[in-house]
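Each chain, letter by letter, is given below.
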Amino acid sequence: MTYMQADYGWMIQHYCLKQFQLTMEGIGQRLWCDWDETVGTYGELTNCTALIAERLDCYWPNRLVDEFFVAVHKQYFRNCSPSGRALHDPPNSILCPFILLPILITLLMTALVVWRSKRSEGIV
């Protein structure tokens, strides 16, 4: 069984990983965290490891597959968010109102309180 595991490890490295690396280079590092761009490639990698395990009559998933995918994630997906979406700031047209509106409301409420307190001073 150890002999089969050695063959299996070599085969997933040289067949599955090589194709995955070529495809990921084609996608470009900027889009690695975009799940819509990488899900197909990732699925092909998963299927490749399962197909080789089946051909070699190995269990799948197994320890080698786990270690293989941990290494793939460390190399390609370590900076990605758990949701699979690339994180970035919203456009200024959306961000500015969320910043300015609370500031304006605070200033307006402060002015209203000061105005009401000055107005009620004369009334006894």
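Our structure's up above, just so we're on the same page.
Presented here is an overview of the structure given in this document. (Residues numbered from 1 in each chain as written. Predicted model: local features only at pLDDT ≥ 70, side-chain atom pairs only at ≥ 80, totals over all residues. Heavy atoms only, no water.)

1. As for the pattern of salt bridges
And then number 1: What the rule picks out here adds up to 1 salt bridge.
And then number 2: As a salt-bridge pair, Arg63 and Glu67 come within 3.0 Å of each other at their nearest N and O atoms. Of the two residues, Arg63 and Glu67 both sit in helix α3 (residues 63–76), 4 residues apart, roughly one turn of that helix.
And then number 3: Overall, Glu67 belongs to the partly exposed group, its relative accessible area being 43%. (Salt bridge = Lys/Arg side-chain N within 4 Å of Asp/Glu carboxyl O. Helix = DSSP H or I, 4+ residues; strand = E, 2+ residues; numbered from the N terminus. Buried < 20%, exposed > 50% of the residue type's maximum accessible area, 1.4 Å probe, protein only.)

2. Structural notes on the side chain of Thr41
And then number 1: Relative to the elements of secondary structure, Thr41 occurs in helix α2 (residues 35–55).
And then number 2: Setting aside chain neighbours within four positions, we find Thr41 in contact with Phe20, Thr23, Met24 and Ile27. (Contact = heavy atoms within 4.5 Å.)

3. Quick word on the state of the cysteines
And then number 1: All told, the structure shown has 2 disulfides when counted by the stated rule.
And then number 2: For Cys16, the disulfide goes to Cys48, at an S-S distance of 2.0 Å. Judged by the sign of its S-S torsion, about -80°, the bond between Cys16 and Cys48 is left-handed. Within this pair, whereas Cys16 is found in helix α1 (residues 2–27), its partner Cys48 is found in helix α2, the two being separated by 32 residues in sequence.
And then number 3: When its relative accessible area of 3% is taken as the criterion, Cys16 is described as buried. (Disulfide = S-S within 2.5 Å.)

4. Comments concerning the packing of α2 against α3
And then number 1: Where α2 meets α3, the closest approach of the two axes is 12 Å, and the angle between their N-to-C directions is 160°. Relative to α3, the element α2 lies roughly antiparallel. The interaxial crossing formed by α2 with α3 has right-handed handedness. Residues Tyr42, Leu45, Thr46 and Thr49 of α2 pack against Phe68, Phe69, Val72 and His73 of α3. (Axes fitted to C-alpha atoms, helices over the stretch in contact; angles between N-to-C directions. Parallel < 35°, antiparallel > 145°, perpendicular 65-115°, else oblique. Left-handed = near helix turned anticlockwise from the far one by under 90°.)

5. Observations concerning the environment of Asn79
And then number 1: Structurally, the position occupied by Asn79 is in the loop between α3 and α4 (92–121).
And then number 2: Overall, Asn79 belongs to the exposed group, its relative accessible area being 67%.
And then number 3: Asn79 sits 47 residues away from Trp32 along the chain, and the two C-alpha atoms are 9.3 Å apart.

6. A word on a nonpolar patch on the surface
And then number 1: Residues Leu95, Ile99, Leu100, Ile103, Leu104 and Leu107 make up a contiguous nonpolar surface patch of roughly 550 Å² in combined accessible area.
And then number 2: With respect to the helices, strands and loops of the structure, Leu104 is situated in helix α4. (Patch = residues over 30% accessible without salt bridge, like charges linked within 9 Å, V, L, I, M, F, W, Y side chains within 5 Å. Areas by Shrake-Rupley, 256 points an atom, 1.4 Å probe, with all protein chains shown as cover.)

7. Topic: the side chain of Thr38
And then number 1: Note that Thr38 resides in helix α2.
And then number 2: Each residue touching Thr38, except ones within four places of it in the same chain, is listed here: Met24, Ile27, Leu31, Trp32 and Phe77.

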